[in-house]
Every structure is written in structure tokens, then in C-alpha cells.
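If you want the building blocks of each chain, they are given just below.
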Amino acid sequence: MGLRRVITKYNSCSDNSTYSYINKKSKSSFHITIRPGLQLASFSTEEGSENVQTDFNTEVNFRIGIEFEYVLPLNNKKWSLVLEPTYQSYSSRKDRPFGDLAPSFREVDYQSIEIPLSLRHYLFLSSESQLFLNGGLAYDLNIEGNKITSDLGASIDLKGSLNPVIGFGFRYDQKFSVEFRYQTYRDLLNEDFFRESNYSSFAFILGYRML
């Protein structure tokens, strides 16, 4: 007979209140969470032998993802693997002074499905609340039509790539969560020998666990 059953039986026989000493952590090893949020993104390009740079504006956009989490059966379930397909977009316009040899304006339109795969570590504060840390890599699946265009009519195709992802968050009552996430350098011109770019973002993400 386990210690928990002995205590429960003793309390019952003694007409005392019966307490359950069961940890309230979720018993399931697989979870699905809907994750909407806001993303603050920036984009810049560098081109040619003279490294002509264009810094587009920092833009705020909506993003939404669905998170699949598998809790690993080790170290008191403090580690998990997380996969989160996410739709995100970014668009901006950069005007140049008239008389410049370069185009007088450039526009960028970029949409993709990000697929970050991360390792998550939980820090349990109580039976109902946890902090967590994420670290991993995001693979970017481009949606057709992602380009940089200018008033001269020329366009440059954007391509997806792999980049590091880190995050810090808080979960309450096994259902609700909030996360701050930073995605580092992503080169969307990685297939162009004469050009390079830097796309990075900071996101504020809310979560509701459905399973």
C-alpha cells in the first residue's frame, strides 16, 4: 500500500479532512496550443561592390501559430520538444531623396510560414504556474510572391532560410501563457551572391492550450 493511500485511509478513519497530495501538473505528454501575437520586425539589405544599404522601417504585424508540444519523460517532465508552424508577414516602403542614382523608392512584401523547432525547459513556481525558456531553429517556408520592388520596375526575389530562435515565457493554470520571443539574423537573399539582407523580429505571444 502506497504512502498516499495510508495517509488518506488514516485521515478518513480519524474523521479528519482528506487531502490529496497529487501534483497538479498535467498528466498528458502531448499538448496543442493556439498562439496569436504581435511581431515587431525589421529588414535591411546590402548590395553591390560599394555595399549600398537600405534600412526599411520597423513594422508591427499580426502573427498566429499553433504549437505542438511533447513533454519528455525525464527530469520530472521539465523538458519538452516544441514545434510551432506560424504565419507571419512584413511589408514596408523606403523612400529615397530625388536626384539619387538609386531608385527613388523601394518596397518589400514578405509572407511566410515559419516552422520553429525548439527545446523548452520549465521552472515550476507552484502547481499552477511555471516559467519556461525556449531555444531552437526556425525554418522559413516562403509564400509565393515575396519580392523587393522599386519605381524602376526591377524586382528581387526573397527566399526563406534557417535562423536561431530564443524565447522566455510564463504559463498559468496549464491553459494560459505569454511569451517574449526573439528571432535573430535571417538572410532572405541567401541565394544572391551580390546581395545580402538581415530580417529579425521580436514577438509578444499569447497562448491558450486546447489539449
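A quick note: this is a predicted structure, and the numbers were derived from the prediction, not measured.

1. Things to note about the overall build of the protein chain
Counting secondary structure elements, the protein chain contains one helix and twelve strands. In the protein chain, the proportion of contacts linking residues at least 24 apart, taken out of those at least 6 apart, comes to 63%. Approximately 12200 Å² of the protein chain is accessible, and the part contributed by carbon and sulfur atoms is 60%.

2. Notes on the pattern of salt bridges
As enumerated under the stated definition, the model contains 18 salt bridges in all. Linking Arg35 and Glu179 is a salt bridge whose minimum nitrogen-to-oxygen distance equals 2.5 Å. Pair noted here: Arg35 is in strand β1 (residues 30-47) and Glu179 is in strand β11 (residues 176-186), with a separation of 144 residues, a long-range link. Judged by its relative accessible area of 0%, Arg35 falls in the buried class. Using a relative accessible area of 0% as the deciding quantity, one classes Glu179 as buried. Measuring nitrogen to oxygen at the nearest pair gives 2.9 Å for the salt bridge that ties Glu67 to Arg120.

3. Quick notes on unusual backbone geometry
In this structure, Asn76 is a non-glycine residue whose phi angle is positive, near 60°. At Lys77, a position not held by glycine, the phi torsion is positive, near 60°. As for its placement among the helices and strands, Lys77 is situated in the loop between β3 (59-71) and β4 (79-83).

4. Some remarks on the pairing of strand β8 (residues 147-150)
Burial of the side chains of β8 is restricted to one face: Ile148 and Ser150 are buried, whereas none of Lys147 and Thr149 on the reverse face is. Of the pairings in the sheet, the one linking strand β6 (residues 105-124) to β8 comprises four bridges and is antiparallel in character. Looking at the pairing, Asp109 lines up with Lys147 of β8. Judged from the three bridges that link them, β8 and strand β9 (residues 155-157) form a sheet pairing that is antiparallel. Bridge pairing links Thr149 to Ser155 in β9.

5. Things to note about the side chain of Arg63
Examined against the element boundaries, Arg63 turns out to sit in strand β3. A distance of 3.1 Å separates polar atoms of two side chains, one belonging to Arg63 and the other to Glu84. If we ignore the near neighbours within four places in the chain, the residues touching Arg63 are Arg35, Pro36, Gly37, Leu38, Gln39, Glu84, Thr86, Tyr87, Gln88, Arg181 and Ile205.

6. Points about the side chain of Ser129
Locating Ser129 in the fold gives a position in strand β7 (residues 129-142). Each residue touching Ser129, except ones within four places of it in the same chain, is listed here: Phe124, Phe170, Arg171 and Tyr172.

7. Quick notes on the nonpolar core
Core analysis: the largest hydrophobic core is formed by twelve residues, namely Ala41, Phe43, Phe56, Tyr90, Val108, Tyr110, Ile148, Ile156, Leu158, Leu188, Leu189 and Tyr199. Within the residue set of this core, elements represented by two or more residues are β1 and β6. Beyond its immediate chain neighbours, meaning those up to four positions away, Leu158 contacts Phe43, Val108, Asp109, Tyr110, Asn142, Asn146, Lys147, Ile148, Leu188 and Leu189.

8. What to know about the pairing of β7
Relative to β7, β6 is paired through 13 bridges, and the arrangement is antiparallel. Note that in β7 the partner of Glu114 across the bridge is Asp140. Linking β6 back to β7 in an antiparallel pair, the connection comprises four residues. Bridge analysis of β7 against strand β10 (residues 162-172) gives eleven bridges, and the strand direction is antiparallel. Bridge pairing in β10 links Ala138 to Asn163.

9. A look at the environment of Leu40
Mapped onto the elements of the fold, Leu40 is located in strand β1. With a relative accessible area of 42%, Leu40 lands in the partly exposed category. C-alpha separation for the pair Leu40 and Tyr182, spaced 142 residues apart in sequence, amounts to 9.6 Å. In this structure Leu40 touches Thr58, Glu59, Val60, Ser200, Ser201 and Phe202, once residues within four positions along its chain are discounted.

Cut-offs and rules
- Residues numbered from 1 in each chain as written.
- Predicted model: local features only at pLDDT ≥ 70, side-chain atom pairs only at ≥ 80, totals over all residues.
- Heavy atoms only, no water.
- Helix = DSSP H or I, 4+ residues; strand = E, 2+ residues; numbered from the N terminus.
- Contact = heavy atoms within 4.5 Å.
- Areas by Shrake-Rupley, 256 points an atom, 1.4 Å probe, with all protein chains shown as cover.
- Salt bridge = Lys/Arg side-chain N within 4 Å of Asp/Glu carboxyl O.
- Buried < 20%, exposed > 50% of the residue type's maximum accessible area, 1.4 Å probe, protein only.
- Pairing = 2+ DSSP bridges.
- Polar contact = N/O pair within 3.5 Å; in protein donor to acceptor, adjacent residues only side chain to side chain.
- Core = buried A, V, L, I, M, F, W, Y, C linked by side-chain atoms within 4.5 Å.

Scope: geometric values only; no functional claims are made or implied.
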